[in-house]
Amino acid sequence: MKKILLIVIGLGCLNAPLQAQQNAAAIYAGIKKLGVMGSVLYIAAHPDDENNSFLPYLTKEKNYRTAYLSLTRGDGGQNLIGKEQGIELGLIRTQELLAARRIDGAEQYFSTAYEFGFSKSADEALTIWDHQKVLSDVVWVIRQYQPDIIITRFPGDARAGHGHHAASSIIANEAYLAAADPTQFPEQLKLGVTVWKAKRILWNTFNFGTVNTTNNNQFKLEVGGYNAIEGKSYGEIGAEARTMHKSQGEGRPRRRGASAEFFETTGGEAPTKELMDGIDISWSRLGATTIQSDINKMIQQFQIDQPSTIVPSLVALYTKVKALPNSVWRNYELQQIQSLIKDAAGIFIEASTQKAQVIPGENLGLQVLINQRSSVNTQLLNLQLPGKDSSLQKNLNYNQNITVDYSFKVDPSTPISQPYWLVEPKTEGMFIVNNYQQIGKAENDHSFSITVNMNIEGVGFSFVQPVQYKFTDPTKGDVYQPIAVIPAKETKYDKEVYLMRSNKGVEISYQQIDHQGINTQQTLLIKKPKDLLPTKETDIFRKTIQYDHIPTLNYFTRASTKIVPININTKNATVGYIDGAGDKLPEALTELGYHVVMLKASDINKATLAGLDAIVVGIRAYNMFDWITEKNDLINEYIQNGGNYIVQYLKSNQVGINKVKVGPYNFSVNASKRVTQENVPVEFILPNHAVLNTPNKITSTDFEHWVQERSTYQAENVDPHFEMPLSMHDANEPASNGSLLIAPFGKGNMVYVSITLFRQLPAGNPGAYKLLANLVELPKH
């Protein structure tokens, strides 16, 4: 894909404007936090690796400035809520992390590492990633953020349970030293940052059931307290944050009561009483001892039912802090104080538009709404709108709306909305981001914003407010979404994959979308695999991702499709499909020429099943829907009568106290047994088995050019009725034959397949299509 210039796009809460006004309890908590000048940077590998109960303890109990640095965006993980994989899943998980941070009060950062899939060793992870580039990213974040303490979630060895986990610890400990070394990444020092040495780096040890790395000789903290301002324990807040990782099925119960965290020191002076031992976390570190007493007075004087009475004191504090020498802490505290002034004064600012998307060169209308719900002495000086400054010079009266309607022409050179890490083509293990100022950022800046200049209690303040698309939903009320800047024209193919059988040619269809004119549908016969597609490299189209728990996501990709030349035999068959966590098997089955029938619980009856030649079960469906287990007797009868029943991977066949029932014979699923190296050899241990010969001959070439992994959660403790025709294993591991199980039962066949068809089919791998066809058409008995 050719380079696409970047426009920043703001993503935020769905039912409130960005930077919405805080209540009095939050203002009081914010004033208390002003008095603490300690900071923590927590580092791990993926979204959902963070310790969700510990982060709110740091932010809301200890009042430390706290951030989580996830090396990846979770692109290579699994998806429990939809079909998105790869960069699309990374977009979802980025927003899930930001939703969690809005709950626990921490900040969020990322490196440019791409989550390429499960890795069994740190060496592999650091090889596929650009070790030095990821290290540079982490050093950059440390030098910008200047944490007093760095904490890792994992050790740098096999106890971490994942190569990425171990690698995140290795890089964090390297960065702890490198950030303080002026000879390391010296180019950063020309960009406004300085070297920085954290006081210590700790490993937050864990007890994950089968792996307990904690012991009573480690530094121990009690973190299970109750926060009266929040009305919740830190376990409750942590559970709410954790539950935002919905794509990973990470819903958690709210914990109450005592809870301990343990730590090992891996660099610097070990703590003995507090995490911040030996660190001045008062304003004395900036040489401003009187500010500490000013904050203490404000805490004592704060009136919960009249927060605006504290505004003059906050304005005086802002003036004092602004006079201090420039530093990371000074600038951070100025931002916090300004936000508290706005909230305590009851100032509401909204900038909205009725358009969800806009094309460069079009007009965009917006409405600005300002209301002050207090009697604080405030003058509205002017608005800086896109392309125009508007002088108002109005006093803000109590609870009176001021509205300004404005329309402007979007600059024709405005770039389209594209996440900054997707502007350049990525490598196998890295996103390419050439601008240091973007590295670490969770998301893009906002497409459009306004600046509101005010004078509050005699001091000038500027508030930047993003412009959002706003509408009223009949069931949700006010909904705020980011504005998408889109091209005037897009091209979209009707399918991601077209099979070209025996070089006979294939007719492809695509849409020419003209957002300012007429859309057209085109068809073209592609006669040879190497024939050029009708689209150019510069043709792009938009993909939109929508879920209720995150903002609407848009990104752009090159307009293309995969033409897959394939010699394949299939017959007419009707295939039932039970949806699971989300995959693209129905599309692949349709492309193979099968008639696909989507099945729900009520369809699992004798009459419906009698009309199906085979049934394919979506990934993790058994872990999501109890009704499939409850229908096991009917399913077994279907198999016995001649049906082929093909179950894609399960995460586990133990759910709570109830064992998942899958077909007529027993096997167990081992979630740690998988083949992650996608190019390792596959051995045919039953070369004459029908699945490798009928109706298509499967050879070793059919396992070439696979993506990400061979097999996920393999079977073990397998009933002897099952035949296991394939064996595979990662380097330096014993052979495993649990990736494909086939058991004749009556006239039909029961199949468990943990081979990653759900990844290979959308990637256009011909061998995966042949194997799927052979599973569907397994001979009857």
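Now for a quick tour of the structure.

Thresholds, definitions, all that
- Residues numbered from 1 in each chain as written.
- Predicted model: local features only at pLDDT ≥ 70, side-chain atom pairs only at ≥ 80, totals over all residues.
- Heavy atoms only, no water.
- Helix = DSSP H or I, 4+ residues; strand = E, 2+ residues; numbered from the N terminus.
- Rg over C-alpha atoms; globule rule 2.2 N^0.38 Å.
- Buried < 20%, exposed > 50% of the residue type's maximum accessible area, 1.4 Å probe, protein only.
- Areas by Shrake-Rupley, 256 points an atom, 1.4 Å probe, with all protein chains shown as cover.
- Lys, Arg positive; Asp, Glu negative; His and termini not counted.
- Charge placed at Lys NZ, Arg CZ, Asp CG, Glu CD.
- Core = buried A, V, L, I, M, F, W, Y, C linked by side-chain atoms within 4.5 Å.
- Contact = heavy atoms within 4.5 Å.
- Salt bridge = Lys/Arg side-chain N within 4 Å of Asp/Glu carboxyl O.
- Pairing = 2+ DSSP bridges.
- Axes fitted to C-alpha atoms, helices over the stretch in contact; angles between N-to-C directions.
- Parallel < 35°, antiparallel > 145°, perpendicular 65-115°, else oblique.
- Left-handed = near helix turned anticlockwise from the far one by under 90°.
- Nonpolar A, V, L, I, M, F, W, Y, C, P; charged D, E, K, R; others polar.
- Expected span 1.5 Å × (residues − 1).
- Arc of directions from axis to C-beta.

Here we take up the overall build of the chain. Along the backbone of the chain there are 17 helices and 38 strands. Here the C-alpha radius of gyration of the chain, 29 Å, is about what a compact globule of 781 residues would show, namely 28 Å. With the principal axes as the frame, the chain shows a C-alpha extent of 85 × 70 × 55 Å. Every one of the 781 residues in the chain was classed for burial, and the buried ones make up 57%. Accessible area for the chain stands at about 31,900 Å²; split by element, carbon and sulfur atoms hold 48% of it. Where the 75 positive side-chain charges of the chain centre and where its 77 negative ones centre are 2 Å apart.

The next point concerns the nonpolar core. If you look at the biggest cluster of nonpolar residues, it comprises 79 residues, and the most contacted ones within it are Phe54 and Trp129. For tryptophan 129, the contacting residues outside a window of four places in its chain are Leu71, Thr72, Ala113, Tyr114, Phe116, Val134, His164, Ala167, Gly429 and Met430.

Taken as a whole and judged by the stated rule, the model has 35 salt bridges. Of the charged contacts, one joins aspartate 730 and lysine 120 as a salt bridge, the two residues approaching to 2.8 Å between their closest N and O atoms. Of this pair, aspartate 730 sits in the loop between β36 (726-728) and β37 (740-745) while lysine 120 sits in the loop between β3 (107-110) and α4 (122-128), placing them 610 residues apart in sequence. Aspartate 730 sits in the buried class, given a relative accessible area of 2%. If you follow the salt bridges from partner to partner, you end up with Glu50, Arg101 and Asp104 in one network.

Moving on: the sheet that holds strand β27 (residues 574-578). What holds strands together in a sheet is hydrogen bonding between their backbones, with the strands either parallel or antiparallel. Pairing in this open sheet of six strands is mixed, and the strands run β28-β27-β29-β30-β38-β37 from one edge to the other. Both outer strands of the open sheet, β28 (595-599) and β37, are each paired with one neighbouring strand and no more. Across this sheet, the average inter-strand angle for adjacent strands is 20°, counted without regard to direction. Note: β37 against strand β38 (residues 748-753), six bridges, orientation antiparallel. Within β38, the position partnered with leucine 741 by the bridge is tyrosine 752. Contacting β27, β29 (614-617), β30 (644-648), β37 and β38, helix α17 (residues 766-776) crosses the sheet at an angle of about 135° to β30.

A few words on the packing of helix α1 (residues 24-34) against helix α8 (residues 289-301). Any two packed helices are characterised by how steeply their axes cross, that is the angle between the axes, and by the distance between the axes. At a minimum axis separation of 9 Å, α1 and α8 run at an interaxial angle of 160°. The angle between α1 and α8 places the two elements in the roughly antiparallel class. Of the two elements, α1 crosses α8, and the hand of that crossing is left-handed. Across from Tyr28, Ile31, Lys32 and Leu34 in α1, the residues of α8 making contact are Ile295, Met298 and Ile299. Looking at the contact of α1 with α8 residue by residue, the classes come out as six nonpolar, no polar and one charged.

Over its 13 residues, α8 extends 19 Å from the first C-alpha to the last, a length consistent with the 18 Å expected when each residue adds 1.5 Å. Among the residues making up α8, those that are buried are Ile291, Gln292, Asp294, Ile295 and Met298. In an axial view of α8, the angular spread of the buried residues amounts to 160°, which keeps them on one side of the axis. In α8, those exposed residues whose orientation departs by more than 90 degrees from the buried face are Thr289 and Gln300. Looking at the packing, one finds that the buried side of α8 touches α1 and α9 (311-322).

Let us look at the environment of tryptophan 140. Within the secondary structure, tryptophan 140 sits in helix α5 (residues 131-145). Placed 378 residues apart in sequence, tryptophan 140 and isoleucine 518 show a C-alpha to C-alpha distance of 48 Å. Ignoring any residue separated from it by four or fewer positions in sequence, one finds tryptophan 140 in contact with Gln188, Leu191, Val193, Tyr436, Gln437 and Ile439.

With respect to the helices and strands, tryptophan 627 occurs in helix α14 (residues 626-630). On a C-alpha basis, the gap between tryptophan 627 and alanine 601 in space is 6.5 Å, while along the polypeptide they are 26 residues apart. Contact partners of tryptophan 627, with chain neighbours within four places excluded, come to Ile578, Lys600, Ala601 and Ile604.

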